[in-house]
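Close look at the chain arrangement
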Amino acid sequence: MAQLNILITGGAGYIGSHVAKQLLETTTHNITILDNLSTGSTKTLDTLKTMREFNFIELDLKEFAQVADVLNTNNFDTIIHFAASIVVPESVENPLKYYMNNTVNTTNLIKCGTDAKIKRFIFSSTAAVYGEPSEVPKDGIDENYLTLPINPYGMSKLMSERVIQDTALANKEFKFVIFRYFNVAGADINYTDDKLTPRIGQSFPNATHLIKIASECATGKREKMAIFGDDFNTLDGTGVRDYIHVDDLASAHIKAIDYLLENDSDIFNAGYGRGYSVKEVIETMKKVTNTNFQVDNAARRAGDPAALISNNTKIKTKMHWSPNHNDLALICQSAFEWENY
Ligand code: UDP
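Described below are features of the structure shown in this document. Numbers given to residues run from 1 along each chain, matching the order in which its sequence is written. Totals for whole chains, interfaces and linings use every residue, but because this is a predicted model, local features are given only for residues with pLDDT of at least 70 and side-chain atom pairs only at 80 or more, for both listing and counting. Computation of side-chain values: all heavy atoms of the structure, hydrogens and water removed.

Side chains on a regular strand alternate between the two faces of the sheet. Taken across its six residues, strand β2 (residues 30-35) has five buried, putting it largely inside the fold. Sheet topology places strand β1 (residues 5-9) next to β2; five bridges connect them, and they run parallel. When the sheet's bridge partners are listed, I6 is paired in β2 with I31. With respect to chirality, the unit in which β1 leads through helix α1 (residues 14-26) into the neighbouring parallel β2 is right-handed. Exposure classes here rest on a 1.4 Å probe applied to the protein chains alone. A residue is buried below 20% of its type maximum, exposed above 50%, and partly exposed in between. By the criteria applied, helices consist of DSSP H or I runs no shorter than four residues and strands consist of E runs no shorter than two, each listed in order from the N terminus. Two strands qualify as a pair provided that DSSP identifies no fewer than 2 bridges between them. For crossovers, right-handed means that the path from the first strand over the helix to the second runs clockwise, given strands pointing away from the viewer.

So this is what it looks like as structure tokens:
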């Protein structure tokens, strides 16, 4: 297989570092990570360095002149673009941060990339582009479902998608894969003496995500948690989401690199196509960690849809991606072991 020269933006972050890990461990591609370290971690970079050598550039994508310089001097053929702001409530309070960090910086990255004759672009989008579906179809939400984001985060990603698509329409040399992530969770599946010992995981402070919060409760770092709404139109009344293990999501990106060598640009949902309720997730966390912690009932969070479940037929049939960790217990356990590390 040809050796590629790959740029990973946001490679010190949660999902980016899992992709970097797989690229370093399972390929010989030349890897450069670009990250401003605002939420990415140097500890993660140190761990990645023990796997194989890579280049690291500390840079904020808002530094347009320097971004152009990096792209003009490195001869990358593929960009995997993770660097972004990702906190939904913050995006409501500070929309311009999201439109600048996500949409504007992505647009500039593509401008500099195409000026430098980059051929392939792999982009982290989100199920938040689907907004608040009034009803989830029986087979889940597919890629043709109406996109109607209900917050600036989702809209900043949808606008970026459009920039990417329009660029590819006008420039036949430029191809893309856009992934719309459902609920990403868990940590590096790595075993030492048969014990699950994640080397990297989610380090972002002030977590808002369910599995991260439940794992903090299980380790005792957090005293209690709340269920945001138990009167949704779901089986047990709590919100239902499609949780995908971060290593499975990462493997989809590795597949996308090769996919784009032979195939046309496309958009893929990334999820397991199966939903779990908040109650089921909390029960699973308690069970696999053999812990108990206080769980209160609280009001619904603004803008939370009742259920978001992917239809993942397209990624399975067109990209031939198949998950290896489709197991809520393993997702919870890996999140816990990372938190406990
Ligand atoms: N949730 C909850 N308590 C928490 C965090 C999340 O009940 O402390 C619920 C949330 O309302 C939603 C689901 O868990 O139904 C997943 O939320 P998360 O923030 O993890 O992801 P989202 O789907 O909002 O991106």
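Turning our eyes to something else, we now look at empty space enclosed by the protein. Cavities and pockets are found on a 1 Å grid laid over the protein atoms alone: a cavity is a set of points where a 1.4 Å probe fits but cannot escape, a pocket is an open set with protein on both sides within 12 Å along at least five of seven lines, and a lining residue has an atom within 4 Å of such a point. Grid points are joined across faces, edges and corners, and a volume is the space filled by probe spheres set on the points. Scanning the entire structure with this criterion turns up one cavity of 30 Å³ or more. Quantified by volume, the largest cavity comes out at close to 40 Å³. Residue classes in the lining of the largest cavity are distributed as five nonpolar, one polar and two charged. Each residue receives one of three labels: charged for Asp, Glu, Lys and Arg, nonpolar for Ala, Val, Leu, Ile, Met, Phe, Trp, Tyr, Cys and Pro, and polar for the others, Gly being one of them.

Time to look at the pairing of strand β5 (residues 120-126). Buried residues dominate β5, accounting for seven of its seven residues. Side chains R120, I122, S124 and T126 project from β5 onto one buried face, and the interleaved F121, F123 and S125 project onto a second face that is buried too. Summarising the sheet, strand β4 (residues 78-81) and β5 pair through four bridges and their orientation is parallel. Following the sheet pairing, T78 is matched in β5 by R120. Here β5 runs beside strand β6 (residues 175-181); their pairing, made up of seven bridges, is parallel. Each bridged residue has a counterpart across the sheet, and for T126 the counterpart in β6 is Y181. Regarding topology, helix α6 (residues 152-170) serves as the crossover connection from β5 to the parallel β6, and that connection is right-handed.

What follows is about the layout of surface pockets. Taken as a whole, the second largest pocket holds about 390 Å³ of empty space. Along the lines of polarity and charge, the residues of the lining of the second largest pocket split into seven nonpolar, five polar and four charged.

What holds strands together in a sheet is hydrogen bonding between their backbones, with the strands either parallel or antiparallel. Strand order in the open sheet made by the seven strands is β3-β2-β1-β4-β5-β6-β13, with parallel pairing throughout. In this open sheet, the two edge strands, each paired with only one partner strand, are β3 (55-58) and β13 (266-270). Direction aside, the axes of adjacent strands within the sheet are offset by 20° on average. The pairing of β2 with β3 spans four bridges and is parallel. Residue pairing in the sheet places D35 in a bridge with E58 of β3. We call two residues contacting when some pair of their heavy atoms lies within 4.5 Å. Here the axes come from fitting lines to C-alpha atoms, over the contacting stretch only for helices, and the angles between their N-to-C directions go from 0 to 180 degrees. Of the strands in this sheet, β1, β4, β5, β6 and β13 are in contact with helix α8 (residues 246-262), which crosses β6 at around 160°.

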